[in-house]
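Given next are the chains, with one letter for each unit.
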Amino acid sequence: MTFLKNTLWATLGIVVFTLIACSKGDEQPDTGYTSGVFISCERAFTGGTGTVSFYNRLDSVKSDIYAAANNGAKIGNVLQSYTAFQNVGYLVVNNANKMITVDPKTFVTTATYDTGFILPRYALGVPPVSTSDPGRLYVSTWGKGGVDGSIKLFDLTAKKISRVIPTGKGTNKMILVGGKIWAVNDGGFGNDSTVVILNVGSLVSDTAIEKRIKVAAAPKDIVADNNGNIWVLCGGYDFSLKQDQKASKLIQIRDEKVVATFDNLPSGAAALTLDNSKTTLYFVAGNKVYSKDPLSFNTIPPSVYLDNSAFKSLYGIGVDPKTGYLYVSDALDFTATGQVYIYDLTTKTLKTVLESGVGVAPNGFYFN
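Residues numbered from 1 in each chain as written. Predicted model: local features only at pLDDT ≥ 70, side-chain atom pairs only at ≥ 80, totals over all residues. Heavy atoms only, no water.

Trainee: Explain the overall build of the protein chain here, please?
Mentor: Within the protein chain one finds 2 helices and 30 strands. Counting over 368 residues, the protein chain shows a buried share of 51%. In the protein chain, once contacts between residues fewer than 6 apart in sequence are set aside, the share between residues at least 24 apart is 46%. When the accessible surface of the protein chain is split by element, carbon and sulfur atoms take 54% of a total near 16,600 Å². (Helix = DSSP H or I, 4+ residues; strand = E, 2+ residues; numbered from the N terminus. Buried < 20%, exposed > 50% of the residue type's maximum accessible area, 1.4 Å probe, protein only. Contact = heavy atoms within 4.5 Å. Areas by Shrake-Rupley, 256 points an atom, 1.4 Å probe, with all protein chains shown as cover.)

Trainee: It is not clear to me how the environment of Phe189 should be interpreted in this structure. Could you clarify?
Mentor: By the element assignment, Phe189 lies in the loop between strand E13 (180–185) and strand E14 (194–199). The exposure class of Phe189 is partly exposed, given its relative accessible area of 28%. If we skip the residues at most four places from it in the chain, Phe189 touches Phe45, Leu119, Trp142, Gly145, Gly146, Val147, Phe239 and Ser240.

Trainee: What is the right way to read the sheet that holds strand E29 (residues 349–354) from this model?
Mentor: Strands pair in a sheet through their backbones, by hydrogen bonds, and they do so in one of two ways: parallel or antiparallel. Spatially, 4 strands are ordered E26-E27-E28-E29 in an open sheet, and the strand pairing comes out antiparallel. Edge positions in the sheet fall to strand E26 (314–319) and E29, since each has one partner strand and no second. With direction set aside, neighbouring strand axes in the sheet form an average angle of 20°. Taken together, the 5 bridges between E26 and strand E27 (residues 326–330) define a ladder with antiparallel strand orientation. Bridging across to E27, Gly318 finds its partner in Tyr327. (Pairing = 2+ DSSP bridges. Axes fitted to C-alpha atoms, helices over the stretch in contact; angles between N-to-C directions.)

Trainee: How should the sheet that holds strand E11 (residues 160–168) be read in this particular structure?
Mentor: Taken in spatial order, the 4 strands make up an open sheet running E8-E9-E10-E11, and their pairing is antiparallel. Pairing within the sheet leaves two strands with one partner each, and these edge strands are strand E8 (120–126) and E11. Each strand axis lies, on average, 25° off the axis of its neighbour in the sheet, ignoring direction. Pairing geometry for strand E10 (residues 149–155) and E11, over 7 bridges, is antiparallel. Residue pairing across strands places Ile151 opposite Ile165, the latter belonging to E11.

Trainee: I keep staring at the packing of aromatic side chains and nothing clicks. Help me out?
Mentor: The description of two aromatic rings rests on the distance between their centres and on the angle between their planes. For the structure shown, the criterion picks out 21 aromatic pairs. Between Phe38 and Tyr82 the ring centres are 5.1 Å apart and the planes differ by 50°, which places this aromatic pair in the tilted class. Here the residue Phe38 occupies a position in strand E1 (residues 37–41), and Tyr82 occupies one in strand E4 (residues 79–85), the gap between them amounting to 44 residues. In this structure, Phe38 and Tyr82 share a single accessibility class: buried. Put simply, the rings of Tyr33, Phe38, Phe54, Tyr82, Phe107 and Tyr366 pair up and form one aromatic cluster. (Phe/Tyr/Trp six-rings, centres within 6.5 Å; stacked < 30°, edge-to-face > 60°.)

Trainee: Sorry if this is basic, but what is going on with the pairing of strand E24 (residues 288–292) here?
Mentor: Along any regular strand, the residues point their side chains to alternate faces of the sheet. Burial analysis of E24 places 4 of its 5 residues in the buried class, the great majority of the element. Remark: 2 residues form the turn of the hairpin made by strand E23 (residues 281–285) and E24, two consecutive strands paired antiparallel; Gly286 in that turn has positive phi of roughly 60°. Note that E24 and strand E25 (residues 303–306) share 3 bridges and pair antiparallel. Counterpart to Ser291 in the pairing with E25 is Ser303.

Trainee: For this particular structure, what's the right way to read the confidence of the model for the protein chain?
Mentor: In low-pLDDT segments, the atomic positions of the prediction should not be examined closely. In the predicted model, the protein chain carries a mean pLDDT of 89, and the fraction of residues at 70 or more is 89%. Predicted confidence is poor over residues 1–31, with pLDDT under 50, and the contacts of this stretch with residues over four places away or in other chains come to 1 contact. (pLDDT = per-residue confidence, 0-100.)

Trainee: Whenever I open this one, the pattern of salt bridges confuses me. Can you help?
Mentor: Oppositely charged side chains are able to pair whenever their charged atoms sit close together. In the structure shown here, the tally under the stated rule is 9 salt bridges. Among the salt bridges present, the one from Asp206 reaches Arg136, with a minimum N-O distance of 3.9 Å. Of this pair, Asp206 sits in the loop between E14 and strand E15 (211–214) while Arg136 sits in strand E9 (residues 136–141), and the two are 70 residues apart along the sequence. Residue classification places Arg136 among the buried positions, given a relative accessible area of 5%. One network of salt bridges, with partners in common, ties together Asp133, Arg136, Arg163 and Asp206. (Salt bridge = Lys/Arg side-chain N within 4 Å of Asp/Glu carboxyl O.)

Trainee: Honestly, the pairing of E4 in this entry has me stumped. Any pointers?
Mentor: Burial within E4 is extensive, with 6 of its 7 residues counted as buried. In terms of strand pairing, E4 meets strand E5 (residues 88–93) through 6 bridges, oriented antiparallel. Within E5, the residue paired with Leu79 across the bridge is Val93. The turn joining E4 and E5, which pair antiparallel and follow one another in sequence, is formed by 2 residues; a positive phi near 50° is taken by Gln86.

Pasting the structure below:
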């Protein structure tokens, strides 16, 4: 009887231990990429392969997660951007003239598309507008010679480019606002100073540019605030002349018209973002981070928000929708591994600096 009791207690103990172990196991953090920050790292334009680093928002950065998930395979040169749409990740590889798709949870590659993409830059997903619309993916390209810019519609069902909309020289960043794509033409290997609007409100309206707005030389980035304004950051660079035409400028557009221009900013402005409330602008220029309250319109110019002597070559910027923290990438000399500075916008304090695991020339962030 004693033996039977001991056996029953032992069995019960094993069951309880197993349940506890399973419970603890269920509470362990996800080892995949379902929550965290993807850091796109270009690599030098002259050679090497772009990479993607992954930061889990806690204590670690994984480097080159694409190679790790694909038996050492290389993305190619240059990795311009990464985004995800409808549970598919899109790596846009500029110099290699291709787009790679991956499972965003594992980063295992699913396909490579290298037909029709000439110096591609960014991908933008447009949700379905009707029951017959599976959703659409638009890709900006610099095009032949770096000046034959266009926006290409990538058919998500046929898995190929189905439409090419000529746009301008060096078509680059895009945003979706009220059924319309706003895209900047930064000049590519030439010069341009326009923003174009493409109506994607239906399956048949995206055949040509709806409107072209003159801004300033080399518009690099574009955002929309919460008060009906579009903001465009212009770097002032003319690649064809290999020189700055003018100082960088911040342009305010309202009702599809330029209503304010903030000039005399340091040359080389490159990246623009908004806080999560979409009430404050942050951008990189002259190796500093500037800020501006959009609601002040043209009464108060942008001001320096961060000026750190450790900054070498500020390159990318973004705000994490989960934490509200500001991420700023530093490409250093574009040959060594870069760094990422993370700031708390509420307290204006530096939270951490990511160094180990960040690739060469970090240029942007995708927050998951």
